[in-house]
Each structure stands twice: as C-alpha cells, then as structure tokens.
Amino acid sequence: MSKKRNYKGSYAGANTVSFKDMLLKKDILRAISECGFEHPSEVQQTAIPFAMVGQDMIVQAKSGMGKTAVFVIATLQQIDATEGEDAEIDTLVLCHSREMAFQIHKEFERLGKYVPEIKTAVIYGGVNFTEQKKAIEENMPHVLVGTPGRVQHFMNKGIISFKSLQRMILDECDDMLQDDSMRRQIQDIFKKAPFAKQMLMCSATISESAARVCRQISENAEEIFLDDSKLTLHGLQQHYVELAEDQKIKNLTSLLDRIDFNQMMIFVKSKKRATALNKILSEACFPSIFLHGGLKQEDRLDRYRKFKEFEARILITTNLCGRGVDMERVNVVINFDMPEKSNEYLHRVGRAGRFGTKGLAITFVNDESDKKTLAEIQDRFEVKVTTLPKNIDTASYTN
Ligand code: AMP
C-alpha cells in the first residue's frame, strides 16, 4: 500500500533539517554548498531522506522548489563507484523534452562535481545518432539521462542494457504518462529492467489519473502530495489583460516599454506564432530570441544556452519550455496566448518566481474560451488573477 503525506509546500521551514543532518556523503555536501544551497526546501527535507535509502516515491513539488536536486542527490548518494572501473547503467532518468534532459544532466554534473567516479551521460533525439552511440559505447555511464524515444532506440539496438538498473526516475511524470507514445516507450523500457528497482516519479502537477498510473508502476511508493490550492507561488503577482486579438502586439510592446524586467519568457500557442512574434519584436529592436520544437536540435540547445547565459533578455516560446526549464533570472512571464489547460498555466508562470523569488505573470485574455480557462485556473489553484494595474512597482516583482 502506498503511503500519502501532505506537506505545506513552502521553502525552508522554521525547524529546518539541514543538508548535513541528512548524513550525505561529504563530497555531495561540498557540491551542495558550492551551488549556494543553504537550506533544503520543504520537499527536499521531506523527500530526500526517503529517496536516498531506496524508497519508491511519487513526489509532487511546487514548481521551482528544487525537486531535481531531490532525485539527483538521492541518486548520487546511493551509487558506489570506483574510479576507472567499467560502468553499467545504474540509474535512468527519463524526461519529456531534450532541453530538460540537457538541464538535468547539468544538475548531475554540478552536484556530482566531487564524485567524478560516478559517470553520467545524456542522450536525446534530433542530434547525430552515431556520435552519441560512440560516446556511450566508449564510456558507459552509471547515470543515463534521456528522452524516452532515444533511450528506447538505444536499448532496442543493444547499445545499452538495463539488466543492472537499480533506479528509474520519471521527471514531469504526468506529462510523459499522459502522452500515449511516450507512455508506451516508458512501459517498454520499464519491462526490460529488473523488477526490483527504485522508482521515483515527480511533477508539479499530478492529476488523479496520472497518480493512478504511477501507483500501477509502484504499489509501495511513499507519496508526497500537495493540494492544488497549495501550488500557488506566493512570490508571484498574477494579472490578466482582456483584449482583442489584433490588440495583442500593441499591448505587448507597450508593456515591454513600461515594465522593468531581468529576463522575460513570452508563451504563444504555436511554433509559427513564436517565429512571427520574434520577427516583429526583433525588428522593433527588442532583445528577443525564439525557441520551439520545429528548430534543429543544435539550434534549440544553442538558443537555450544563449538565454540561460543572459545573451538575450526575452525568450518567445511554446509549451516546449513551459515545464521544468530553469532560468533563474526570469522574473516576468507573459502568456501572449492563453494556455489550453489550467495545469499548463501553472507550469508556465512557474518559470518566474523560482525557488521562492518574486515574479510577475501577465496573461492576455481574448475570448470566451480564454475566460473559461482563467476561471478554472483561479478556482483550481485558489489564486487571484486580477486585472493588470496601470502602474506596478518594480520592487514588487524583482528581488
Ligand atoms: P527545480 O525545482 O529543481 O527546477 O529547481 C529550481 C531552482 O532552485 C534551481 O535553480 C535549483 O538550482 C535551485 N535550488 C534547488 N534546491 C535549492 C536549495 N536548497 N537552495 C537554493 N536553491 C535551490
């Protein structure tokens, strides 16, 4: 039987357990400290002690609360490796997008800096297969991060084997399990791995139906859940503007002139609209770039890096970057197009206000369907999204 725990969903609590109290390897503690993580967030305090001793878990963590570190630390803590020894894949992390695979792998490198004997690698589609194959064959990792399609392909070709797999992690599990093709790929990989393995499944939103699938995957999982009403990011101001479709660009450019921001993400509903809007903003000399799934993979990662490294201040994108993507300088999110589903809204606006910081989210509401979605968002997440005031104090959304 699974055990369900609820927690409050805040950052560091008054009776904080420190990372030291968790009895982690000193080389991991050293990396944690270098990352500037002073205190574990509540989800880290609750989940790491279970996850690091091999417990199966279903973890719902508020966006930006450090859930990646939960499974990265728990994994690094459990692997015993010896420098120079041949490796077998011990841990597989599956995630929904190539950008996320890249980002999660970076987190393994960052937190695993002082345990270099634990080898990590990342694979995803859209890039040269032969080069990736060669790299993996020459240096088999202990931890493999990847997107389900490419991992399945490598497995079917016999390049990698999961016969010694100890742990499988599904990040943004609800998204992956609700996508028919990804779910089938995950099931196929799952079946090829030993039955006795640790399962860690995480997301900011886990619907009842996704939770049911997770429980089928693991019957003994410790569950950490948050009520939807507790998912709201309290540092985030949320407003909307009601307007006609043909007023969107004018309103956006006026907003860009009016509000101060560190970095901004603008979400649109299609690849075509991302390209077109970027053209308009660039021609008007706004420092924008765009990123969507229609671009070549090298180009996608290049743009991701460029934005992460602050070489552009505005990123126009689709739902591709709506989840998980961690850009610490983003303090404003604009929904140029309303997302189709309320959980997409929560993930998108969560790009601002990471790890308890302040942020601002503005959503353009155009028609009856948008209004319905907005009402659903306010109801489900118990958040008040108000009309955009004429003046907003910059200090209220900037740290
Ligand atoms: P995540 O929710 O995993 O995307 O993490 C959001 C951001 O919080 C990332 O930039 C992490 O590096 C950062 N982070 C994770 N844990 C901590 C911590 N304990 N203290 C400070 N920052 C953290």
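Since the model is a prediction, treat every value here as computed from it, not as a measurement.

Side chains Thr 91 and Val 93 of strand β3 (residues 91–94) all project onto a buried face; the interleaved residues Leu 92 and Leu 94 project onto the opposite face, where all are buried too. Bridge count for β3 against strand β5 (residues 143–146) is four bridges, and the pairing is parallel. Bridge pairing links Leu 92 to Leu 144 in β5. As paired elements, β3 and strand β6 (residues 167–170) share four bridges and run parallel to each other. Pairing of Leu 94 across the sheet is with Leu 170, part of β6.

Across the interface, helix α4 (residues 98–111) lies against helix α12 (residues 297–308) with an axial gap of 10 Å and an inter-helix angle of 55°. With respect to α12, the axis of α4 lies oblique. Crossing of α4 over α12 shows right-handed handedness. Contact with α4, carried on its side by Arg 98, Glu 99 and Phe 102, involves Gln 297, Arg 300, Leu 301 and Tyr 304 of α12 and no other residues of that element.

Another aspect to go through is the site of the ligand. Every one of the 14 residues lining the ligand counts as a neighbour, but Phe 37, Gly 66, Thr 68, Asp 326 and Phe 355 are closest to it. It is helix α3 (residues 67–78) that contributes the most residues to the shell around the ligand, three residues altogether. Of the residues that constitute the shell around the ligand, the class distribution is five nonpolar, five polar and four charged. Of the domains in this structure, domain 1 (10–227) and domain 2 (232–396) are the two that each give at least three residues to the shell around the ligand.

For the rest of this paragraph, the subject is the nonpolar core. If you look at the biggest cluster of nonpolar residues, it comprises 113 residues, and the most contacted ones within it are Ala 51, Val 70 and Ile 73. With seven residues, α3 is the single largest residue contributor to this core. The residue makeup of this core includes at least three contributed by each of domain 1 (10–227) and domain 2 (232–396). Those residues in contact with Ala 51 that sit more than four places away from it in its chain are Met 57, Val 70, Phe 71, Ala 74 and Leu 200.

Moving on: unusual backbone geometry. We note that Phe 310 has phi near 70°; this positive angle belongs to a residue other than glycine. Residue position: Phe 310 is located in the loop between α12 and β12 (314–317). Positive phi, normally seen in glycine, also occurs at Glu 382, with a value near 45°. Classification of Glu 382 by C-beta neighbours within 10 Å gives partly exposed; the count is 13.

Further remarks concern the packing of helix α2 (residues 42–51) against α3. It is the contact of α2 with α3, at a shortest axis distance of 9 Å, that shows an interaxial angle of 25°. In this view, α2 runs roughly parallel relative to α3, as classed from their interaxial angle. Crossing angle aside, the handedness with which α2 passes α3 is right-handed. Of α3, the residues touching α2 (which contributes Val 43, Gln 44, Ala 47, Ile 48 and Ala 51) are Lys 67, Ala 69, Val 70, Phe 71, Ile 73 and Ala 74. When the residues that make up the contact of α2 with α3 are grouped by side-chain class, the tally is nine nonpolar, one polar and one charged.

With that settled, consider the sheet that holds strand β9 (residues 236–242). With parallel pairing, seven strands are arranged side by side in an open sheet as β11-β12-β10-β13-β14-β9-β15. At either margin of the open sheet sits one strand with a lone partner, and together these are β11 (288–291) and β15 (386–387). Pairing analysis gives four bridges linking strand β10 (residues 263–267) to β12, with the strands arranged parallel. Along β12, the bridge assignment pairs Met 265 with Leu 315. Across the sheet, α12 touches β11 and β12, and the angle it forms with β11 is around 140°.

What counts, and where the lines are drawn
Residues numbered from 1 in each chain as written. Predicted model: local features only at pLDDT ≥ 70, side-chain atom pairs only at ≥ 80, totals over all residues. Buried ≥ 20, exposed ≤ 12 C-beta atoms within 10 Å, placed from the backbone. Helix = DSSP H or I, 4+ residues; strand = E, 2+ residues; numbered from the N terminus. Pairing = 2+ DSSP bridges. Axes fitted to C-alpha atoms, helices over the stretch in contact; angles between N-to-C directions. Parallel < 35°, antiparallel > 145°, perpendicular 65-115°, else oblique. Left-handed = near helix turned anticlockwise from the far one by under 90°. Contact = placed C-beta atoms within 7 Å. Near = placed C-beta within 6 Å. Nonpolar A, V, L, I, M, F, W, Y, C, P; charged D, E, K, R; others polar. Domains from an automatic or database assignment. Core = buried A, V, L, I, M, F, W, Y, C linked by C-beta atoms within 7 Å.

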